[in-house]
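Per-entry structural report
As a plain string of letters, each chain reads:
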Amino acid sequence: MAVCIAVIAKENYPLYIRSVPTQGELKFHYTVHTSLDVVEEKISGVGKALADQRELYLGLLYPTEDYKVYGYVTNSKVKFVIVVDSSNTSLRDNEIRSMFRKLHNSFTDVMCNPFYNPGDPIQSKGHQTAQTHLPGNF
């Protein structure tokens, strides 16, 4: 089950962070922020093949004792981070990819809204509703 979902702007400030256990929200902010270093390492890898650069899904960024952190980067360098409870062993890699695809589609819908100013925090109810229907039951 996904316990935290974050959308991070190109300049590495959060556009949207939502966590399920709200009492540990600061811990998830820290986890997402520290995962950005790993994301930067993966997307700036020297000597990558051209086919690898088109891959948006970064995979498992790093595991902790309680959580696994996954990453995804759009072509415009907006980063998506999903933190999953590590006790959930039934969640497969293709399900994580599906969660990121749905999150990316929801983000695209927000960006296409003529009333949204790019760079502002995302407060769309449609974006939040789309996240409740993710395969990880967020």
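Here goes a summary of the coordinates provided. Since we're looking at a predicted model, the values are computed, not measured.

A few points about the nonpolar core
Core analysis: the largest hydrophobic core is formed by 23 residues, its most contacted members being V7, F80, I96, F100 and I122. For this core, the secondary-structure elements that each account for two or more residues are strand 1 (2–8), strand 2 (14–19), strand 4 (67–73), strand 5 (79–85) and helix 3 (93–112). With 6 residues, helix 3 is the single largest residue contributor to this core. Beyond its immediate stretch of four places on either side in the chain, I96 contacts Y57, Y70, V84 and L91. Residues C4, F28, L36 and V73 belong to the second largest nonpolar core, which totals 18 residues.

As for helix 1 (residues 25–43)
Between its first and last C-alpha, helix 1 extends 27 Å over 19 residues, near the 27 Å set by a 1.5 Å rise per residue. If you check which residues of helix 1 are buried, you get F28, T31, V32, S35, L36, V38 and V39. Contacts from the buried residues of helix 1 go to strand 1, strand 2, strand 3 (57–63), strand 4 and strand 5.

Some words on the pattern of salt bridges
What the rule picks out here adds up to 2 salt bridges. Of the charged contacts in the structure, one is a salt bridge between E40 and K79, with a shortest N-O distance of 3.7 Å. With a gap of 39 residues between them, E40 in helix 1 and K79 in strand 5 connect regions that are remote in the sequence. By relative accessible area, which is 30% here, E40 ends up partly exposed. Across the salt bridge formed by D93 and R97, the nearest N and O atoms sit 3.7 Å from each other.

Regarding the pairing of strand 4
Counting buried positions over the 7 residues of strand 4 gives 6, a clear majority of the element. Sheet analysis places strand 3 next to strand 4, joined by 5 bridges and oriented antiparallel. Across the sheet, P63 pairs through a bridge with K68, a residue of strand 4. Linking strand 3 back to strand 4 in an antiparallel pair, the connection comprises 3 residues. Pairing geometry for strand 4 and strand 5, over 7 bridges, is antiparallel.

What to know about the packing of aromatic side chains
A full pass over the atoms with the stated rule returns 5 aromatic pairs. Between F28 and Y67, the aromatic rings sit 5.2 Å apart at their centres with planes inclined by 65 degrees, giving edge-to-face as the arrangement. Of this pair, F28 sits in helix 1 while Y67 sits in strand 4; the two residues are 39 residues apart in sequence, bridging distant segments of the chain. Across the pair, exposure class does not vary: F28 and Y67 are buried alike. Summarising the aromatic geometry, the rings of F80 and F107 are spaced 5.5 Å apart at their centres and angled 75 degrees between planes, so their arrangement reads as edge-to-face. Here F80 is found in strand 5, whereas its partner F107 is found in helix 3, with 27 residues between them in sequence.

Digging into the sheet that holds strand 4
Across the sheet, which stays open at both edges, the 5 strands sit in the order 2-1-5-4-3 with antiparallel pairing between neighbours. Either end of the sheet is taken by a strand with one partner, and the two such strands are strand 2 and strand 3. Adjacent strand axes in the sheet meet at a mean angle of 15 degrees, parallel and antiparallel pairs treated alike. Relative to strand 3, helix 1 is tilted by about 125 degrees, and along the sheet it contacts strand 1, strand 2, strand 3, strand 4 and strand 5. Running over the sheet, helix 3 touches strand 1, strand 2, strand 3, strand 4 and strand 5 and is turned about 140 degrees from strand 5.

What counts as what
- Along each chain, residues carry numbers from 1 onward, in the same order as the chain's sequence is written.
- Per-residue local features of the predicted model are confined to residues with pLDDT of at least 70, and side-chain atom pairs are confined, for both listing and counting, to 80 or more; whole-chain, interface and lining totals are unaffected and use all residues.
- Derived side-chain values reflect all non-hydrogen atoms in the structure, with water molecules and hydrogen atoms excluded from consideration.
- Nonpolar core, defined: a set of buried Ala, Val, Leu, Ile, Met, Phe, Trp, Tyr and Cys residues in which side-chain atoms within 4.5 Å join the residues together.
- Each residue gets one of three labels from its accessible area relative to the maximum for its type: buried under 20%, exposed over 50%, partly exposed in between, using a 1.4 Å probe on protein chains only.
- Strands are runs of DSSP state E lasting at least 2 residues, helices are runs of H or I lasting at least 4, and numbering of each runs from the N terminus.
- Contacts are residue-level and defined by heavy atoms, with any inter-residue pair within 4.5 Å sufficient.
- Take the number of residues in a helix, subtract one, and multiply by 1.5 Å to get its expected span.
- We define a salt bridge as a contact between a side-chain nitrogen of Lys or Arg and a carboxyl oxygen of Asp or Glu at a distance within 4 Å.
- The criterion for strand pairing is that DSSP finds at least two bridges linking the strands in question.
- Between 30 and 60 degrees the pair is tilted, below 30 it is stacked and above 60 it is edge-to-face, where a pair is any two Phe, Tyr or Trp rings, Trp via its six-membered ring, whose centres lie within 6.5 Å.
- Whenever a helix is involved, its axis is fitted only over the stretch in contact; in every case the axis is a line through C-alpha atoms, and angles between N-to-C directions fall within 0 to 180 degrees.

In short, shape yes, function no, at least from these values alone.
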